[in-house]
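Working through the structure, step by step
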Amino acid sequence: MSTATEQTTEQTTAQSERTTRTLTFAKAITEGLRASLESDDHVMVMGEDVGRLGGVFRVTDGLQKDFGEARVVDTPLAESGIVGSAIGLALRGYRPVCEIQFDGFVFPAFDQITTQLAKMHYRSRGRLQVPVVIRIPYGGGIGAVEHHSESPEALFAHTAGLRVVTPSTPQDAYDMIRAAVASPDPVVFFEPKGRYWSKGEVDLAAAPAEGILDRARVARAGTDVTLVAYGPTVATALKAADELAAEGTSAEVVDLRAVSPIDFPTVVDSVRRTGRCVVVHEAPVFHGVGGEVAARVTEEAFYSLQAPVLRVGGFHAPYPVAKLEHDYLPSVERVLDAVDRSLAY
Amino acid sequence: MKTDATGGPDAATQDVTPLVQLVAPDGSRTADPEHAAYRERVAHLAPADLRAMYRDMVLTRRFDDESTALQRQGELALFAQGRGQEAAQVGSAHALAPQDHVFPSYREHGVLHVRGVDPVDRLRLFRGEDHGGWDPAEHNVQLYTLVIGSHALHAAGYAMGVQRDGLVGTGDAARDTAVVTYFGDGATAQGDVSEALVFAAVNNAPLVLFCQNNQWAISEPTSRQARGPLYRRGEGFGVPGVRVDGNDVLACYAVMADALERARSGGGPTFVEAYTYRMGAHTTSDDPTRYRERAEEDYWRRRDPIDRLAALLRSEGEWDEEWAADVEAEAEALGERLRTEVRALGAPPTTAMFDHVYATPHATVDEERAWLAEYESDLTEGAR
Ligand SMILES: Cc1ncc(C[n+]2csc(CCOP(=O)(O)OP(=O)(O)O)c2C)c(N)n1
Ligand SMILES: [Mg+2]
C-alpha cells in the first residue's frame with residue numbers, strides 16, 4: 001500500500017506528463033502569455049496588430065478572442081506611445097506586455113525605455129515599480145528587408161535598471177516570459193525570430209525555475225572549451241559542439257539567458273574548467289555583449305585561460321541586405337574556426 | 001473598419017464629407033460649386049493628359065501584379081502592393097514640377113513611376129539586394145523609408161533648406177520648389193509626423209504632407225489611429241488640411257497642384273488626406289482575410305480608380321481602342337522586362353557589406369573586410 005506522499009508524487013507526474021506538449025517557440029510564448037493573463041487580471045498585452053491579427057508572427061494569436069479587447073489591445077502605430085503609456089499603466093498597477101513589431105522599430109521608444117522606464121524605480125528610491133515587459137522579435141536569417149533582422153540588445157544592456165533577456169528554447173521561452181511578466185523590474189524580452197518555428201517539448205504545468213532571469217544555463221557540458229551564446233546563437237553553438245565532439249573536442253555551451261545583468265559566476269566557473277572561451281552572438285562584435293564577457297572572464301579567470309577569449313558575431317557595418325546576411329551572421333563554421341584558433345593558440 | 005450593408009464606410013461613424021471629388025465613381029464629372037477652384041486646376045488638362053494618367057496608372061498596376069508574382073516565385077523577399085492607390089499616387093505626382101522633391105514611404109510605386117525611377121531599381125530593396133536602389137538626385141526622389149513616419153521630418157528639414165536657398169516665392173515657375181512627403185494613415189500616429197507638422201508650420205516650410213488614408217495599417221483600421229478625420233490633423237499646428245477622393249485621379253491632381261502652388265509661393269505647408277483603399281494585402285507576408293470583410297473589399301473593387309478614369313474617357317468620347325491596346329502592350333513589355341531583369345539581378349559581392357559604412361576609410365572596417373574576404377577564400381579552398 002502506498003503512502004499519501006507517494007500518491008501525490010504519482011499524481012503530479014501523471015499531470016505533468018499530460019501538460020507536456022510539443023510546441024513551436026512562438027506558441028510557447030503564446031502559452032506563457034496566456035498563463036500570465038490567466039493568473040493576474042492586471043496583465044495586459046498591447047502593441048501593433050496584436051489583436052485580431054495575432055501579431056505579424058502570430059505570437060498573440062487567439063489571445064484577444066479569449067481575453068477581450070480591453071486586455072489584448074491593438075495600439076496606435078507609435079512605439080514611443082506604446083511604451084510611454086505602458087509606463088503610465090504600470091504606475092497605475094497594471095502589468096503591460098508590449099509587443100514591438102520588429103527589432104528595427106523599437107527606436108521611437110528608445111527615449112521612454114532608457115530615460116524613463118529604466119530609471120523610475122531608482123529615482124523614486126524604490127517607491128515606484130514599473131513592471132513593463134517589452135517583447136522584441138530580433139535577429140536575422142529570415143531573408144527580410146532593412147530593419148527587420150537586427151540585434152540591438154547591447155544598446156539596452158548598457159542601461160542599468162533594465163533586465164535584458166532572451167530565451168533560446170521553447171521551454172525557456174515559456175518559462176522566461178512568465179517570469180518576465182511577474183518581474184517587478186522592467187524587462188526587455190528579445191525573441192529570436194529565426195527560431196520562432198523551431199519545436200520543442202514544453203512542460204506547461206511546471207512553475208518557472210526560481211530566478212530564471214538571473215541564471216545562465218549550461219546547455220551542454222564539456223571540458224575543452226566554453227562556448228558562450230544566447231538567443232538564436234545557442235542552437236549554432238550546440239551544432240558546433242556536435243561537430244567538435246566528432247573531432248574529439250569537448251565543448252561546453254553556456255546559454256546566458258540574460259544579457260543584462262549577466263550571470264558571470266556560471267560563465268567564469270565554466271571557463272575555469274575548460275580554459276578556453278568563445279562568445280557567439282549575431283550582434284556586431286564591436287562594443288557588443290561579447291566584449292563584456294571577454295573582459296570579465298579575463299579579469300576573473302586569467303590564470304585558467306589557455307588562449308585569449310575570442311568573439312564571433314556580426315561586423316561593424318549596418319545589417320546587410322538579405323542576399324548577404326548569411327555571410328554576416330555567425331555560422332557554425334565561423335564558430336569552429338574560432339575554436340580552432342583558440343585550441344591552436 | 002466599420003462598414004455599412006454595402007461594405008462601404010459606415011456613414012454613422014465615418015463622415016467622409018467634405019471630400020474633394022471631380023469625377024464620380026461612374027465616370028461623370030461632378031459640378032459641386034464648392035469645388036469650382038479645383039475644377040479650374042484641371043481645366044487645362046487635354047484628353048492626351050488624361051490618357052497619360054491612365055497609362056501611368058495601368059503601368060503602375062502591372063508593376064504591382066508582376067512584382068507580387070515575382071515574390072511568389074521566390075524572386076523577391078517581400079513586396080508591398082499599391083493596388084487601389086494608383087489615382088492618389090499618379091494624380092499627385094503629375095502635379096509635381098521636376099525641381100520638386102519627394103520623400104516616399106514604401107508603397108509609392110506610382111509616384112516613382114511618374115518621376116521616372118527605373119522599375120527594376122525599384123525592386124532591388126524588395127529583392128534583398130540593396131537597401132535603396134536608385135540615386136535620389138536623379139529624379140528628386142529620396143529612398144524608401146521603412147521606419148514609419150521618420151521621413152516626414154526629413155522632408156520638413158529639406159523644405160526648410162529649399163526655403164533658405166531662396167527657392168520659394170520667386171515667382172519663377174522653373175525655380176520655385178516644393179517638397180512632398182508621402183505616408184499612410186497609420187503613420188499619422190507617430191510622433192515624428194506630428195513633429196514634422198510642427199517644424200513645417202513654425203518655419204512656414206514649402207511642404208506638402210500627403211497622407212494616403214487607405215483605411216488600414218496592416219490589420220488596424222484607421223479608427224485605431226484617430227478619432228477625428230485625418231485631414232484636420234494639421235489644424236492645431238497651423239497647417240490647413242484638405243480631404244480628397246483618393247480614387248479620383250483628377251481630384252488628386254487638383255488638390256496637389258493647389259497645395260504645391262501654396263508651398264512654392266511661400267504660403268506654407270498643407271496636409272492632404274487622400275481617402276482611398278488598400279485593395280491588396282499589406283505585403284506579400286500578410287493575410288487580410290484574418291481581419292477584414294469580403295464585402296468591404298468588393299465595395300472598393302467597384303470603385304477601382306483605373307475603371308473610373310476609363311469611364312471618364314469613354315463618357316467624353318476620348319477612349320480609343322488602338323491607344324488602349326498600345327497601353328496594354330506597353331504593360332506586357334514592362335512585365336516581360338521585370339521578369340527577365342529582376343531574375344538576372346545577382347547578389348552583390350560579400351565584401352560589399354563593408355562599402356560606404358563611412359565616407360572615409362577606417363581601419364576598423366578595413367580589417368573586418370579583409371578578415372571576411374580571407375576567411376571566405378579559405379572556406380572555398382576547404383581549409384576546414
Ligand atoms: C516605426 C515602425 N513601426 C512599425 C512598423 C511595422 N509596420 C510596417 S507598415 C505598418 C503599417 C503602416 O500603415 P500605414 O501608415 O497606414 O501605411 P500603409 O502600409 O497602409 O501604406 C507597420 C505597423 C514600421 N515599419 N515602422
Ligand atoms: Mg494605411
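Conventions we followed
- Residues numbered from 1 in each chain as written.
- Chains lettered and ligands numbered in written order.
- Predicted model: local features only at pLDDT ≥ 70, side-chain atom pairs only at ≥ 80, totals over all residues.
- Heavy atoms only, no water.
- UniProt positions renumbered as here; feature names shortened; annotations may be inferred.
- Helix = DSSP H or I, 4+ residues; strand = E, 2+ residues; numbered from the N terminus.
- Rg over C-alpha atoms; globule rule 2.2 N^0.38 Å.
- Buried < 20%, exposed > 50% of the residue type's maximum accessible area, 1.4 Å probe, protein only.
- Contact = heavy atoms within 4.5 Å.
- Areas by Shrake-Rupley, 256 points an atom, 1.4 Å probe, with all protein chains shown as cover.
- Lys, Arg positive; Asp, Glu negative; His and termini not counted.
- Charge placed at Lys NZ, Arg CZ, Asp CG, Glu CD.
- Donors = N, O, S within 2.8 Å, 3.2 Å for Na, K, Ca; no water.
- Buried area = accessible area lost by both parts, 1.4 Å probe.
- Salt bridge = Lys/Arg side-chain N within 4 Å of Asp/Glu carboxyl O.
- Polar contact = N/O pair within 3.5 Å; in protein donor to acceptor, adjacent residues only side chain to side chain.
- Nonpolar A, V, L, I, M, F, W, Y, C, P; charged D, E, K, R; others polar.
- Core = buried A, V, L, I, M, F, W, Y, C linked by side-chain atoms within 4.5 Å.
- Domains from an automatic or database assignment.
- Pairing = 2+ DSSP bridges.
- Axes fitted to C-alpha atoms, helices over the stretch in contact; angles between N-to-C directions.
- Near = heavy atom within 4 Å.
- Expected span 1.5 Å × (residues − 1).
- Parallel < 35°, antiparallel > 145°, perpendicular 65-115°, else oblique.
- Left-handed = near helix turned anticlockwise from the far one by under 90°.

By the naming in an unreviewed UniProt entry, chain B goes by Pyruvate dehydrogenase (Acetyl-transferring) E1 component subunit alpha and is assigned to Xylanimonas oleitrophica. Under Cofactor (unreviewed entry), UniProt gives the following word-for-word description of chain B: "thiamine diphosphate".

Named according to an unreviewed UniProt entry, chain A is Alpha-ketoacid dehydrogenase subunit beta originating from Xylanimonas oleitrophica. Among the UniProt annotations of chain A, the heading Cofactor (unreviewed entry) holds the following wording: "thiamine diphosphate".

It is worth spelling out the overall build of chain B at this point. Looking only at helices and strands, chain B features 14 helices and 7 strands. Taken over the C-alpha trace, chain B has a radius of gyration of 22 Å; the compact-globule value for 384 residues is 21 Å, and the two agree within 12%. Across its three principal directions, the C-alpha atoms of chain B cover 80 × 45 × 40 Å. Counting every position in chain B, which comprises 384 residues, the buried fraction comes to 55%. Nonlocal contacts in chain B, meaning residues at least 24 apart in sequence, comprise 75% of its contacts between residues at least 6 apart. Accessible surface for chain B amounts to roughly 15500 Å². Of this, 50% is attributable to carbon and sulfur atoms. Between the centroid of the 38 positive side chains of chain B and the centroid of its 62 negative side chains there is a distance of 5 Å.

Right, let's get into the coordination of the magnesium ion (ligand 2). Working reference: metal with six octahedral donors, ideal angles 90 or 180 degrees; metal with four tetrahedral donors, ideal angle 109.5 degrees. All names here are of chain B. Coordination of the magnesium ion (ligand 2) by the protein comes from Asp 185 (OD), Asn 214 (OD1) and Trp 216 (O), over a distance range of 2.1 to 2.2 Å. Sequence positions of the donors to the magnesium ion (ligand 2) reduce to the motif D-x28-N-x1-W. Of this pair, Asp 185 sits in the loop between strand S2 (179-184) and helix H9 (191-202) while Asn 214 sits in the loop between strand S3 (207-213) and strand S4 (216-217), and the two are 29 residues apart along the sequence. By the burial criterion, Asp 185 is buried, and Asn 214 matches it.

Let us now look at the UniProt feature "domain: Dehydrogenase E1 component" (unreviewed entry) in chain B. The residues that UniProt annotates with the feature "domain: Dehydrogenase E1 component" (unreviewed entry) are residues 55-333 of chain B. For residues 55-333 of chain B, the helix share is 43%, the strand share is 11%, and the end-to-end C-alpha distance is 13 Å.

Once that is clear, we can look at the interface of chain A and chain B. On the chain B side, the residues contacting the 45 residues of chain A number 44 residues. In total, chain A and chain B occlude about 3800 Å² of area from one another, counting both sides; carbon and sulfur atoms represent 58% of this. Among the residues chain A hides against chain B, the three largest losses belong to Leu 77, His 316 and Lys 323 of chain A. Together they make up 18% of the total. Where chain A packs against chain B, one counts 2 salt bridges. The residue Asp 61 of chain A makes a salt bridge to Arg 290 of chain B at a minimum N-O spacing of 2.9 Å. Counting across the interface, chain A meets chain B through 14 residue pairs in polar contact (both at pLDDT 80 or more). Among the elements that line the side of chain A that touches chain B, the one with the most residues is helix H13 (residues 332-344) of chain A, at 6 residues. Of the residues in the side of chain A that touches chain B, the class split is 20 nonpolar, 9 polar and 16 charged.

With that settled, consider the nonpolar core. Counting 82 residues, the largest nonpolar core has Ile 113, Leu 117, Ile 134, Leu 256 and Val 293 of chain A as the members making the most contacts within it. With 7 residues, the single largest contributor to this core is helix H8 (residues 170-182) of chain A. Shared between two domains, this core takes at least three residues from each, and those domains are domain 1 (2-203) and domain 2 (217-343) of chain A. If sequence neighbours within four positions are ignored, Leu 117 of chain A has contacts with Val 83, Ile 87, Gln 112, Val 130, Val 132, Ile 134, Leu 162 and Pro 186 of chain A. Of all hydrophobic cores here, the second largest spans 73 residues; its members include Val 141, Val 327, Ala 331 and Leu 338 of chain B.

This brings us to the sheet that holds strand S9 (residues 217-220) of chain A. All names here are of chain A. Read from one edge of the open sheet, 5 strands run S9-S11-S10-S13-S14, paired in mixed fashion. On the outer flanks of this sheet lie S9 and strand S14 (310-314), each paired with one strand and no other. The sheet shows a mean angle of 25 degrees between the axes of neighbouring strands, taken without regard to direction. Here 4 bridges tie strand S13 (residues 277-284) to S14, and the two strands are oriented parallel to one another. Opposite Pro 284, over in S14, you have Gly 314 as the bridge partner. Contacts from helix H10 (residues 264-274) reach S9, strand S10 (225-229), strand S11 (251-255) and S13 within the one sheet, and its direction differs from that of S11 by about 175 degrees.

On to the site of ligand 1. Taken together, the neighbourhood of ligand 1 is formed by 20 residues, with Glu 79 of chain A together with Tyr 106, Arg 107, Leu 146 and Gly 186 of chain B sitting nearest. One chain alone does not account for the residues near ligand 1; they come from chains A and B. Note that a nitrogen atom of ligand 1 is positioned 3.4 Å from one of the side-chain N or O atoms of Gln 101 of chain A. Ile 148 of chain B places a main-chain nitrogen or oxygen 3.1 Å from a nitrogen atom of ligand 1. Residue classes in the shell around ligand 1 are distributed as 10 nonpolar, 6 polar and 4 charged.

What follows covers helix H14 (residues 363-380) of chain B. With 18 residues, H14 of chain B ought to run about 26 Å at 1.5 Å a step, and its terminal C-alpha atoms sit 26 Å apart, in line with that. Looking at the buried residues of H14 of chain B, the elements they touch are helix H12 (325-328) and H13 of chain A.

A separate point is the packing of helix H2 (residues 47-72) of chain B against helix H12 (residues 305-315) of chain B. For any two helices packed against each other, one specifies the crossing angle of their axes together with the interaxial distance. Residue and element names in this part refer to chain B. Contact geometry of H2 with H12 gives a least axis separation of 10 Å together with a crossing angle of 155 degrees. Taken as axis vectors, H2 and H12 run roughly antiparallel relative to one another. Helix-helix and strand crossings are classified by hand; for H2 and H12 the assignment is left-handed. For the pair H2 and H12, the contacting residues are Leu 50, Arg 51, Met 53, Tyr 54, Met 57, Val 58 and Arg 61 in the first and Pro 305, Ile 306, Leu 309, Ala 310, Leu 312 and Leu 313 in the second. By residue class, the composition of the contact of H2 with H12 is 11 nonpolar, no polar and 2 charged.

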